[in-house]
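Descriptive structure summary
Listed below are the residues making up each chain.
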Amino acid sequence: MASTIETAYADEIATKKQEWVVNDFSIQVATVNGSGSQTSNTVLMRSIFQMGVPVSGKNLFPSNIAGLPTWFTIRASKHGWIARKKDIDFLVAMNPETAGEDVLGLEPGAVAVYEETLKLDQIRNDLIFYRVPFAKLSAEVTKEAKLKRLLANMIYVGVVAQLLSIEMEEVRKAISRQFKSKPKAADLNIKAAELGFEYAEKNLPKRDRFRVERMNKTAGKIIIDGNSAMALGCAFAGVTVVTWYPITPSSSLCETLTEYLAQYRTDKKTGKATYAVVQAEDELAAFGMVLGAGWAGARAMTSTSGPGISLMAEFAGLGYFAEIPGVVFDVQRVGPSTGLPTRTSQGDILSVAFLSHGDTKHIVLIPASVEECYQMAIDAFDLAERFQTPVFVCSDLDLGMNNWMADPFPYPDKPIDRGKVMTAEQLEKVGKFERYRDSDGDGIPYRTLPGTPHRLAAYFTRGSGHNEKSEYSERSEDYKNLVDRLSKKYETARKFVPAPVLSSNGSNCRLGIIAYGSSHWAVAESQAQLRAEHDIDTDYLRVRALPFNYDLKNFVRNHERVYIVEQNRDGQMASLIKLEAGGDTEKIRSVLHYTGIPIDARTVTEQILRQEREG
Amino acid sequence: MPTLEKDKPKTNRIGLPIADYKGAESTLCNGCGHDAISSQIIKAFYELGIEQHRVVKLSGIGCSSKSPAYFLGHAHGFNGVHGRMPSVATGVMLANQRLIALGVTGDGDTASIGIGQFVHLMRRNVPMVYVIENNGVYGLTKGQFSATSERGSKSKSGVANPLPAIDCCQMAIELGCSYVARSFAGDPKQLIALLKGALSHRGTALIDVISPCVTFNNHPDSTKSYDWAKEHEEPLHEIGFVPYFDQITVDYDEGTATDVTLHDGSRIRLKKLDRDHDPMSRTGAIRMLEEARANSEFLTGLIYIDPTSIDFVSLLNLVDEPLATLPLEKVRPPKDALDEIMQELR
């Protein structure tokens, strides 16, 4: 009986071609972590990408090695929107544990592909269900229990491909790419995907409206995660000392970097390394090594996340006060404390901005895209050496661990900036060296590197009070002189850090939006929603660094209201902007999203509309 | 004032007088063992004729960690944060493996707040000399116990330390340190020999130097000196009070023991290792330390050495030139490397 109705419904849908939803939907695959689903998800995502359709992929995973629920969301968007889409259009329910909940979370009319034994069609009747005997099908490909589970995941790729009109040839290509070095595994997986495809062709008449059609919007593009992009930036920035302590979600940054360095930074003739990588005993040591190396002249970096940032606070102060370069990548996750280690957040901004005790403030770079992850990694080393201070680059789990589409990264067009370092020859010429003297009036003193063969080169670095000659001093004048100069140096940095990106809608725009980091994509899409659905124009300022390299006071003054969008509870950037903007703080409102799931456009739009209504 | 030829100072093999190896005036208490160690450091570098620009002095926080300012005034110095000198030193040596690193630390800096970093420095065998100026007490914060304080020793307020002392030398041997020695601040002859040996060793060279605190080292009988001071000084500022003592020196032969009376009247027994001690035997070294502990003696001398060990920097197989000064073309891969990576990501 059911099949007759299904067929009739499918015929009806098929005749209404105008109702197809083409290249504009989200797929969510619910699986168990450690089941190889990551590979299948990547294949599915790449297949769509290879058909020229803009995609983004987000992995929602537990802090666990195997056996807990995990979700992967793929968004196809002909408009190129790559933020998370709030609603799921197409669910693949592979995990018995969460299937019920997954199905209940869907909007009416959504699609659910599920393992037949789960009987999900009994839960709701307002969805379009496709029942697939995944377990039985994988038993046809292999008898091995473990392999069966892995292949079941590749079978769904075939099923989904067929249902969404993704070309099987693209799926094959994506699988071969994924198993580049293992042709046997590639064959087996292709077989599994084909099996799923054929099953769907024979048994699952199309009853939903979603489909993929070939476009030409991904030609020449790359897909990369933010951590890898940062790793590339470091490798091409000429990093020489890398230290790290494993922590989610930053581990893959240094792991990927280690691979790139081994491949591209080993002297071909001698087989010797032009870099050192150390897995430290903890984040304190990791940062200590960075500062030791930076002090001695290396381009040094470490990567971490919230708990590591907390541990680094003491050294951050030393680096700031003793003026030692170093780069710290903070791939933010949900805090406080251990928090949600595998969920995303922008909750470290405020603590990083002032990390350490006493009067401390840091240069912070905030990339929003994988391109900026790459570029800002390069910039960070130049800034650290130019300003002789730790520079923090704040990414987050969403940006760092998820896959993003991007244009290929450009080769750096500038030589590296090693800052004000005096050589023996220069010392000889000048005949004088005072480590902490502001001789150029920009707050940045000159330094020498240990090993410089000149009698004037040596100086004593310390985290305790010191005068311009780097002698120990507890004198009030010396202390004030020093911290005031550090402040001046920070002011100088304003002009050097990346300026915000303004997208203006002309002088009559009443509303301003300020956002940063990975929130950018939801904001850009929300702007389009506000315009299309509510005829509201907005100016948008995307902040990219601290200190602010922009007249924020003016931006606030020129708008009736300014919404600051961020992924934390307390409006951390809003606090910083209120400090900066001064008088007009009542105009500043917050749009906050702090669920651990990446922010989406709908949330931004709704929160802005609600606050506009409430006045 | 013109200098007569005969008054010209003696110079070392690179033509420098010993005065050139001095640092700023010490601000430590008069008679502090740490100053005696500084003197031997000055002498060792002078006698070895080491160019100071090749030297980095590193320290943490505490009385001991102040001392690098008081020697080798023409070497770069880095006085970091409490207990974290090992990581800074590791970073320095990675950046420039041609440098000679001398770390000076205390028992609080190493055995308490910095024990984690100490452990991993020893384990990595980072090429550096690591001197612990060990007085068993927190001086700068006015006399609290450290983790190397002997069990039963009494603090100024009369409280006995209930916990056993950490033996940094024994720990270091177990952790893989390749040069482990102990000495006494007042034994210049032994100390300079150990320092010179350490400077010629490639790998971590640990020297644990018993360095009496003239102000706060209060053992069971030590109230004597404190009381003495109380009776003789008026007015007494308990916190700031610093008695004057001469530095304690000893001179004794290998294989013998000597009792040393410290400033506070307490005594420690130093036992010099026999000439026939085989410092290449790890188990032998640990056994001797255990025996000395049982006899309440501090074993001094070169306790353990592994001249074949591979230091951490060598392990990383770095290019010969220091990483710190590699030119752009050595540290930035060419454009075709990026193109290749981009192609793979398409």
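Keep in mind the model is a prediction, meaning the values are calculated, not measured.

Moving on to the overall build of chain B. Counting its regular elements, chain B contains twelve helices and eleven strands. Here chain B holds 346 residues, and 56% of them are scored as buried. About 14900 Å² of surface is accessible on chain B, with carbon and sulfur atoms providing 52% of the total.

Chain B puts 56 residues into the contact, and the matching count from chain A is 72 residues. Broken down residue by residue, the surface that chain B buries against chain A is led by H76, R332 and R346 of chain B, which jointly contribute 14%. Residues K272 of chain A and D320 of chain B are paired through a salt bridge, measuring 2.9 Å at the closest nitrogen-oxygen approach. Counting the contacts that link chain B with chain A gives 27 residue pairs in polar contact (both at pLDDT 80 or more). For the side of chain B that touches chain A, the secondary structure elements donating two or more residues are β1 (55–59), β2 (76–79), α3 (85–95), α5 (115–124), α11 (328–331) and α12 (335–345) of chain B. The leading source of residues in the side of chain B that touches chain A is α12 of chain B, at eight residues. Tallied by class, residues from the side of chain B that touches chain A come to 28 nonpolar, 17 polar and eleven charged. In terms of strand pairing, strand β18 (residues 460–462) of chain A meets β2 of chain B through three bridges, oriented parallel. Within β2 of chain B, the position partnered with R462 of chain A by the bridge is N79 of chain B.

With that settled, consider the environment of Q117 of chain B. Following the sequence through the fold, Q117 of chain B ends up in helix α5. The exposure class assigned to Q117 of chain B is buried, which follows from its relative accessible area of 4%. With sequence-adjacent residues up to four places away left out, Q117 of chain B is seen in contact with E281, L284 and A285 of chain A together with G83, R84, M85, P86 and S87 of chain B. Here the side chain of Q117 of chain B touches S87 of chain B through a polar contact of 3.0 Å, side chain to side chain.

Once that is clear, we can look at the confidence of the model for chain B. Residues and elements named next belong to chain B. Of all residues in chain B, 84% have pLDDT values of 70 or greater, and the mean over the chain is 84. Taken as a whole, residues 218–245 scores under 50 in pLDDT and shows 35 contacts with residues more than four places along the chain or in a different chain. At the level of chain-chain contacts, confidence expressed as ipTM amounts to 0.94, with global pTM at 0.93.

Residue and element names in this part refer to chain A. In this model helix α2 (residues 37–50) runs 20 Å from its N-terminal to its C-terminal C-alpha over 14 residues, within 8% of the 20 Å that 1.5 Å per residue would give. Here α2 lies mainly inside the structure; twelve of its 14 residues are buried. Listed as buried for α2 are S37, S40, N41, T42, V43, L44, M45, R46, S47, I48, F49 and Q50.

Take the nonpolar core next. In terms of nonpolar packing, the biggest core is built from 158 residues, with L232, M301, F329, L365, F409 and M573 of chain A together with L58 of chain B touching the most fellow members. Ranked by residues supplied to this core, first place goes to helix α13 (residues 370–387) of chain A with eleven residues. With residues up to four places along the chain from it excluded, the contact list for L365 of chain A reads M376, D379, A380, L383, V391, F392, V393, C394, V497, P498, R544 and A545 of chain A. Core analysis: the next-biggest nonpolar cluster, separate from the first, contains 56 residues, Y156, A174, I190 and M405 of chain A among them.

What follows concerns the packing of helix α6 (residues 168–175) of chain B against helix α9 (residues 282–294) of chain B. All names here are of chain B. Their axes nearest at 10 Å, the elements α6 and α9 cross at an angle of 160°. Here α6 lies roughly antiparallel to α9, going by the angle between them. Crossing of α6 over α9 shows left-handed handedness. Contact residues: α6 offers C169, Q170, I173 and E174, while α9 offers R282, A285, I286, L289, E290 and R293. Here the contact of α6 with α9 is built from residues that sort into five nonpolar, one polar and four charged.

Among the eleven residues in α3 of chain B, eleven count as buried, and that is most of the element. Among all positions of α3 of chain B, only M85, P86, S87, V88, A89, T90, G91, V92, M93, L94 and A95 of chain B are buried.

The next subject is the pairing of strand β13 (residues 326–334) of chain A. For a regular strand, side chains alternate in direction, first toward one face of the sheet and then toward the other. Residues and elements named next belong to chain A. Of all nine residues making up β13, nine are buried, and the element is well covered by its neighbours. For strand β12 (residues 300–304) and β13, the ladder comprises four bridges, and the chain directions are parallel. What sits directly across from S303, in β13, is F329. Note: β13 against strand β16 (residues 390–396), seven bridges, orientation parallel. Within the sheet, the bridge partner assigned to Q332 lies in β16 and is D396.

Of the two faces of strand β5 (residues 90–93) of chain A, both are covered, the one formed by F90 and V92 of chain A as well as the one formed by L91 and A93 of chain A. Considered for its hand, the β-α-β crossover made up of β5 of chain A, helix α3 (residues 96–104) of chain A and strand β6 (residues 111–115) of chain A is right-handed.

Residue and element names in this part refer to chain A. Evaluated as defined, the whole model comprises 14 aromatic pairs over all chains. Both rings, one in F236 and one in Y411, keep their centres 6.1 Å apart while their planes meet at 85°; by these two values the pair is edge-to-face. Here Y411 lies in the loop between β17 (403–406) and α15 (424–430) and F236 lies in helix α8 (residues 226–237), a separation of 175 residues in the sequence. Assessed through its relative accessible area of 1%, F236 is described here as buried.

All right, on to the side chain of E566 of chain A then. All names here are of chain A. By secondary structure assignment, the location of E566 is in strand β23 (residues 561–566). As a buried residue without a salt bridge, E566 has its nearest oppositely charged side chain in K578, at a separation of 8.5 Å. Within the structure, E566 has its side chain in polar contact with the side chain of Y516 (distance 2.7 Å). E566 has contacts with Q346, Y516, S519, G571, Q572, M573, A574, V591, L592 and H593, leaving out every residue within four places of it along the chain.

This part is about the confidence of the model for chain A. Of the residues in chain A, 97% have a pLDDT of 70 or more, and the chain-wide mean is 94. Every residue in residues 1–10 of chain A scores below 50 in pLDDT, and together they form six contacts with partners more than four places removed in sequence or on other chains.

Turning our attention to the packing of helix α4 (residues 134–141) of chain A against helix α5 (residues 145–163) of chain A. All names here are of chain A. In contact at an axis separation of 9 Å, α4 and α5 are set at 110° when each is read in the N-to-C sense. One finds that α4 runs roughly perpendicular with respect to α5. The chirality of how α4 crosses α5 is right-handed. In contact with F134, L137, S138, A139 and V141 of α4, α5 contributes K148, L151, A152, I155, Y156 and V159. A per-class count over the contact of α4 with α5 returns nine nonpolar, one polar and one charged.

What counts, and at which threshold
- Residues numbered from 1 in each chain as written.
- Chains lettered and ligands numbered in written order.
- Predicted model: local features only at pLDDT ≥ 70, side-chain atom pairs only at ≥ 80, totals over all residues.
- Heavy atoms only, no water.
- Helix = DSSP H or I, 4+ residues; strand = E, 2+ residues; numbered from the N terminus.
- Buried < 20%, exposed > 50% of the residue type's maximum accessible area, 1.4 Å probe, protein only.
- Areas by Shrake-Rupley, 256 points an atom, 1.4 Å probe, with all protein chains shown as cover.
- Contact = heavy atoms within 4.5 Å.
- Buried area = accessible area lost by both parts, 1.4 Å probe.
- Salt bridge = Lys/Arg side-chain N within 4 Å of Asp/Glu carboxyl O.
- Polar contact = N/O pair within 3.5 Å; in protein donor to acceptor, adjacent residues only side chain to side chain.
- Nonpolar A, V, L, I, M, F, W, Y, C, P; charged D, E, K, R; others polar.
- Pairing = 2+ DSSP bridges.
- pLDDT = per-residue confidence, 0-100.
- Expected span 1.5 Å × (residues − 1).
- Core = buried A, V, L, I, M, F, W, Y, C linked by side-chain atoms within 4.5 Å.
- Axes fitted to C-alpha atoms, helices over the stretch in contact; angles between N-to-C directions.
- Parallel < 35°, antiparallel > 145°, perpendicular 65-115°, else oblique.
- Left-handed = near helix turned anticlockwise from the far one by under 90°.
- Right-handed = clockwise from strand over helix to strand, strands pointing away.
- Phe/Tyr/Trp six-rings, centres within 6.5 Å; stacked < 30°, edge-to-face > 60°.
- Lys, Arg positive; Asp, Glu negative; His and termini not counted.

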